[in-house]
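# Summary of the model geometry
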Amino acid sequence: MKRATKWAGLFALLVTIPLTVLAAGGKHYTASNAVLNHVFRTTSYTAPTNVYIGLFSTCPTTSTLGTELSGNGYTRSSGIAKGDSSWTYTAATSSNSTATITNANAISFPTVTTSAWSVACFGVFDASSAGNLLYFGPVTGAPVTVSVGATASFATGQLSIQEM
């Protein structure tokens, strides 16, 4: 049985009207390998203490990293700690086979400086730079332009990661 991963979120430009995001995404192969080796083999997986949300101009796939934004004031989000105060979890049940994790607080990015950002996708990483891409998903209506002087953010409850 194939495991599907879906993403939904709201990508808001704080100086304009929020844009809705609802699209299928995926789990990068590094995360899939870690979980399968942990469950079925003798390889331990240590979950990251924090996760970081990144933005992409070219979307990742399950086997490629895509093109993460760089320059013009861009950095990944601040570290988001594991725990109930950072994430809201809805467990899968026999009548609803989808487990969902949703951000419990807004996730913000720095102000755009020199040139506008063109955002096609977002991803979840285990480090503030470099590190491993764990999950990713496209922004509906991409590319979304974030103008110079604007700040992009995901509003509380609008970044959802689902596994079924």
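Residues numbered from 1 in each chain as written. Predicted model: local features only at pLDDT ≥ 70, side-chain atom pairs only at ≥ 80, totals over all residues. Heavy atoms only, no water.

## With respect to the state of the cysteines
Spelled out, the test is: Only a pair of cysteine sulfur atoms within 2.5 Å qualifies as a disulfide here. Put simply, DSSP marks the helices as runs of H or I at least four residues long and the strands as runs of E at least two long, and each gets a number from the N terminus on. Buried residues are those whose accessible area, probed at 1.4 Å on protein chains only, stays under 20% of the maximum for their type, while exposed residues exceed 50% and partly exposed ones sit between those limits.
The tally for this structure, following the rule as stated, stands at one disulfide. The disulfide partner of Cys-59 is Cys-121, and the S-S distance across this bridge is 1.8 Å. Measuring handedness by torsion sign, the sulfur bridge of Cys-59 and Cys-121 sits at about 85° and is right-handed. Remark: Cys-121 occurs in strand β11 (residues 121-125) and Cys-59 occurs in the loop between β4 (50-58) and β5 (67-68); sequence separation between them is 62 residues. What makes Cys-121 buried here is its relative accessible area of 1%.

## Observations regarding the packing of aromatic side chains
The condition is simple: Here the aromatic set is Phe, Tyr and Trp, taking the six-membered ring for Trp, and pairing holds for ring centres within 6.5 Å; pairs whose planes are under 30 degrees apart are stacked, those over 60 apart are edge-to-face, and all others are tilted. Two conditions define a charge sitting above a ring: the NZ of Lys or the CZ of Arg must be within 6 Å of the ring centre, and it must be within 35 degrees of the ring normal.
In this structure the tally under the stated criterion is four aromatic pairs. Centroid distance Tyr-74 to Trp-117: 5.5 Å. Interplanar angle 85°. Geometry classified as edge-to-face. With Tyr-74 in the loop between β5 and β6 (80-81) and Trp-117 in strand β10 (residues 117-119), the pair connects residues that are 43 residues apart, well separated along the chain. The burial state of Tyr-74 is the same as that of Trp-117; both residues are buried. Ring plane angle 65° and centroid distance 5.2 Å describe the contact between Phe-122 and Phe-154, whose orientation is recorded as edge-to-face. In this pair, Phe-122 sits in strand β11 while Phe-154 sits in strand β14 (residues 151-154), placing the two residues 32 residues apart along the sequence. Stacked on the ring of Phe-125, the Lys or Arg Arg-76 has its end atom at 3.4 Å from the ring centre.

## Regarding the confidence of the model for the protein
Going by this rule: pLDDT: the predictor's confidence for each residue, scored from 0 to 100. Whether two residues touch is decided by their heavy atoms; if any such pair falls within 4.5 Å, the residues are in contact.
Chain-level pLDDT for the protein is 83 on average; 85% of the residues reach the 70-or-more range. Put simply, strand β2 (residues 19-24) is where the protein has its lowest mean pLDDT, 41, and β5 is where it has its highest, 98. Scored below 50 in pLDDT, residues 1-6 shows 19 contacts in the model against residues more than four places distant or in partner chains. Residue range residues 10-23 is modelled with pLDDT below 50. Its contacts to residues more than four positions away, or to other chains, number 49 contacts.

## Concerning a nonpolar patch on the surface
As a reminder of what qualifies: Patch membership requires more than 30% relative accessible area and the absence of a salt bridge. Residues of like charge join within 9 Å; the nonpolar side chains Val, Leu, Ile, Met, Phe, Trp and Tyr join within 5 Å. Note on areas: Shrake-Rupley, 1.4 Å probe, and residue coverage restricted to the protein chains presented here. When a carboxyl oxygen of Asp or Glu lies within 4 Å of a side-chain nitrogen of Lys or Arg, that pair is called a salt bridge.
A grouping of Val-35, Leu-36, Val-39 and Phe-40 is seen on the molecular surface, where their side chains present a nonpolar patch of about 410 Å² in accessible area. On the secondary structure map, Leu-36 appears in helix α1 (residues 29-40). Using a relative accessible area of 48% as the deciding quantity, one classes Leu-36 as partly exposed.

## Quick notes on unusual backbone geometry
Its identity is not glycine, yet Asn-72 carries a phi of approximately 55°, on the positive side. Within the secondary structure, Asn-72 is located in the loop between β5 and β6. When its relative accessible area of 25% is taken as the criterion, Asn-72 is described as partly exposed.

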